[in-house]
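# Survey of secondary and tertiary structure
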Amino acid sequence: MTNHITVLLEEATQALLIKKGNWYIDATFGKGGHTQKILDAGGKVIAFDFDHQAIEYGNKIFASEINPGNLILIRENFSKIFPIIESLQEDCQVGDIKGILFDFGTSTEQLKSNNRGFSFDGDGPLDMRMDDRLGVQAKDLLALIHVDQLDELFRDLGGEHDSRRIAKAIKNSPTPITTSKQLTDLIIRNKGKQKSKLHPATKVFQALRIAVNTELENIMMGLPQALEILANKGRIVTIAFHEGEDREVKTTFKLWEEENKGENLTKKPVVPTAEEIKNNPRSRSAKMRIFKKK
Ligand SMILES: C[S@@+](CC[C@H](N)C(=O)[O-])C[C@H]1O[C@@H](n2cnc3c(N)ncnc32)[C@H](O)[C@@H]1O
């Protein structure tokens, strides 16, 4: 079993300026790497994850922090962060929020899990939902949407150059594409010769995962709510792993600064050191940004 290695652990927790007894939100708990670091520094944490496996793991492994009230774990989409935190504050369960961390995307456990369909080198049902309460799986999207929309989805969310050819091949397939292996094989058959080091199915899988989990919409909804619930002078720290995510954060922070809501502390994003990338190649595309509320 591959374990998730937390990306930009030191950099992200330093950026939050943790103080003993203050409350922080980890909007993307995963395996709790960042949460653990905040707790170690004396902070209290409300952590969100919409994947029930992440929450079950957290409830077990972090019981000694949950029981005394240092950690509140919530299975929910961070796109609902404002009403949830507001109601905890009304009940006096938590105080002012001094910092909020978003470490977007999927965990290694999700990607490598053979029965969830995230991985092009697995052979599981083509599901790809991080939150299994969502109605539409990746295989449903392939079946339901028109060839033009599929083409657009692969191009816009994955940057896939052969999007049209792949979309047509999916729609013309004599049998529905319902497993990750079927999709990977179809992509390999339909892509031109690869110059890149990337696996030929990387971009289509990324695009489908983003669409199934409405990842960009979640960010668009979650960031303004985070700013709203954050205490004055508090910080929002984000870690993005692909262009679409980073563009969303960058544009939002720029807009907030123009609206005089605070200061964008990272004109250029913080990226992992060469050593981190060597130890954890998954970190290579990470870009961290920090916003300080007025
Ligand atoms: C990259 S991992 C986070 C890893 C974590 N920072 C750690 O150190 O272990 C992203 C996690 O966020 C969760 N996630 C992604 N989008 C979410 C959303 N909109 N709401 C709640 N959780 C989300 C995923 O289920 C996944 O477990």
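### With respect to the layout of surface pockets
The space that makes up the largest pocket amounts to roughly 1100 Å³. Forming the walls of the largest pocket are 36 residues, and the residues nearest its centre are Thr 202, Gln 206, Arg 209, Arg 284 and Ser 285. When contributions to the lining of the largest pocket are tallied by element, the ones reaching two or more residues are helix H6 (108-112), helix H8 (147-158), helix H11 (202-212) and helix H13 (243-258). Of all the elements, H11 adds the most residues to the lining of the largest pocket, at six residues.

### Considerations on the sheet that holds strand E5 (residues 230-240)
Overall, mixed pairing links the seven strands, which are arranged E3-E2-E1-E4-E5-E7-E6 in an open sheet. Either end of the sheet is taken by a strand with one partner, and the two such strands are strand E3 (71-74) and strand E6 (262-264). Averaged over all neighbouring strand pairs, the angle between strand axes comes to 15°, with direction disregarded. Pairing geometry for E5 and strand E7 (residues 287-293), over six bridges, is antiparallel. In the sheet register, Val 237 faces E7, and the bridge partner there is Ile 290. Contacts from helix H12 (residues 215-229) reach strand E1 (23-26), strand E4 (97-103), E5 and E7 within the one sheet, and its direction differs from that of E5 by about 150°.

### Let's talk about the environment of His 4
Inspection of the secondary structure assignment puts His 4 in the segment before helix H1 (9-15). Residue class for His 4 comes out buried when judged on its relative accessible area of 17%. His 4 sits 289 residues away from Lys 293 along the chain, and the two C-alpha atoms are 31 Å apart. Setting aside anything within four residues of it in sequence, one finds His 4 in contact with Lys 31, Thr 106, Ser 107, Thr 108, Glu 109 and Arg 282. Looking at His 4, its side chain comes within polar contact range of the main-chain nitrogen of Thr 108, at 3.0 Å.

### A look at the nonpolar core
With 31 residues, the main nonpolar core has Ile 25, Ile 46, Ile 85, Ile 100, Phe 102 and Ile 236 as its most contacted residues. Those elements giving two or more residues to this core turn out to be E1, strand E2 (44-48), E3, helix H5 (81-90), E4, H12, E5 and H13. At six residues, the largest contribution of residues to this core is made by H12. Residue contacts for Ile 46: discarding those within four places in its chain leaves Trp 23, Tyr 24, Ile 25, Asp 26, Ile 72, Ile 74, Ile 85, Leu 88, Val 94 and Ile 97. Grouped together as the second largest cluster of nonpolar side chains are 27 residues, Leu 150, Phe 154, Ala 167 and Leu 183 included.

### Side note on the domain arrangement of the chain
Entries for the chain in the domain assignment read domain 1 (9-109 + 215-293) and domain 2 (135-212). Averaged C-alpha coordinates put domain 1 and domain 2 at centres separated by 31 Å. Buried area between domain 1 and domain 2, both sides added, is near 460 Å², and the carbon and sulfur share of it is 53%. Counting the contacts that link domain 1 with domain 2 gives one salt bridge. Where Glu 215 meets Arg 209, a salt bridge forms, and the shortest distance between an N and an O atom there is 2.8 Å. Between domain 1 and domain 2 we count two residue pairs in polar contact (both at pLDDT 80 or more) in total.

### Some thoughts on the site of the ligand
The immediate surroundings of the ligand are formed by 24 residues, with Thr 6, His 34, Asp 49, Asp 103 and Gln 110 found nearest. A distance of 2.7 Å separates a nitrogen atom of the ligand from a polar atom in the side chain of Asp 103. Taken by itself the ligand offers 610 Å² of open surface, and the protein chains cover 98% of this.

### Overview of H5
Those residues of H5 not exposed but buried are Ile 81, Ile 84, Ile 85 and Leu 88. One side of H5 holds all its buried residues, which, seen down the axis, span an arc of 90°.

### Some remarks on the environment of Thr 35
Its location among the elements puts Thr 35 in helix H2 (residues 33-40). Residue Thr 35 is classed as buried on the basis of its relative accessible area, which comes to 0%. Along the chain, Thr 35 and Asn 67 lie 32 residues apart, while their C-alpha atoms are 15 Å from each other. Apart from residues lying up to four places away in sequence, Thr 35 is in contact with Asp 26, Phe 29, Val 45, Ala 47, Phe 62 and Leu 71. Within the structure, Thr 35 has its side chain in polar contact with the side chain of Asp 26 (distance 2.7 Å).

Calculation criteria
- Residues numbered from 1 in each chain as written.
- Predicted model: local features only at pLDDT ≥ 70, side-chain atom pairs only at ≥ 80, totals over all residues.
- Heavy atoms only, no water.
- 1 Å grid on protein atoms, 1.4 Å probe; cavity = no way out; pocket = protein on both sides within 12 Å on 5 of 7 lines; lining within 4 Å.
- Points joined across faces, edges and corners; volume = space filled by probe spheres on them.
- Helix = DSSP H or I, 4+ residues; strand = E, 2+ residues; numbered from the N terminus.
- Pairing = 2+ DSSP bridges.
- Axes fitted to C-alpha atoms, helices over the stretch in contact; angles between N-to-C directions.
- Contact = heavy atoms within 4.5 Å.
- Buried < 20%, exposed > 50% of the residue type's maximum accessible area, 1.4 Å probe, protein only.
- Polar contact = N/O pair within 3.5 Å; in protein donor to acceptor, adjacent residues only side chain to side chain.
- Core = buried A, V, L, I, M, F, W, Y, C linked by side-chain atoms within 4.5 Å.
- Domains from an automatic or database assignment.
- Buried area = accessible area lost by both parts, 1.4 Å probe.
- Salt bridge = Lys/Arg side-chain N within 4 Å of Asp/Glu carboxyl O.
- Near = heavy atom within 4 Å.
- Areas by Shrake-Rupley, 256 points an atom, 1.4 Å probe, with all protein chains shown as cover.
- Arc of directions from axis to C-beta.

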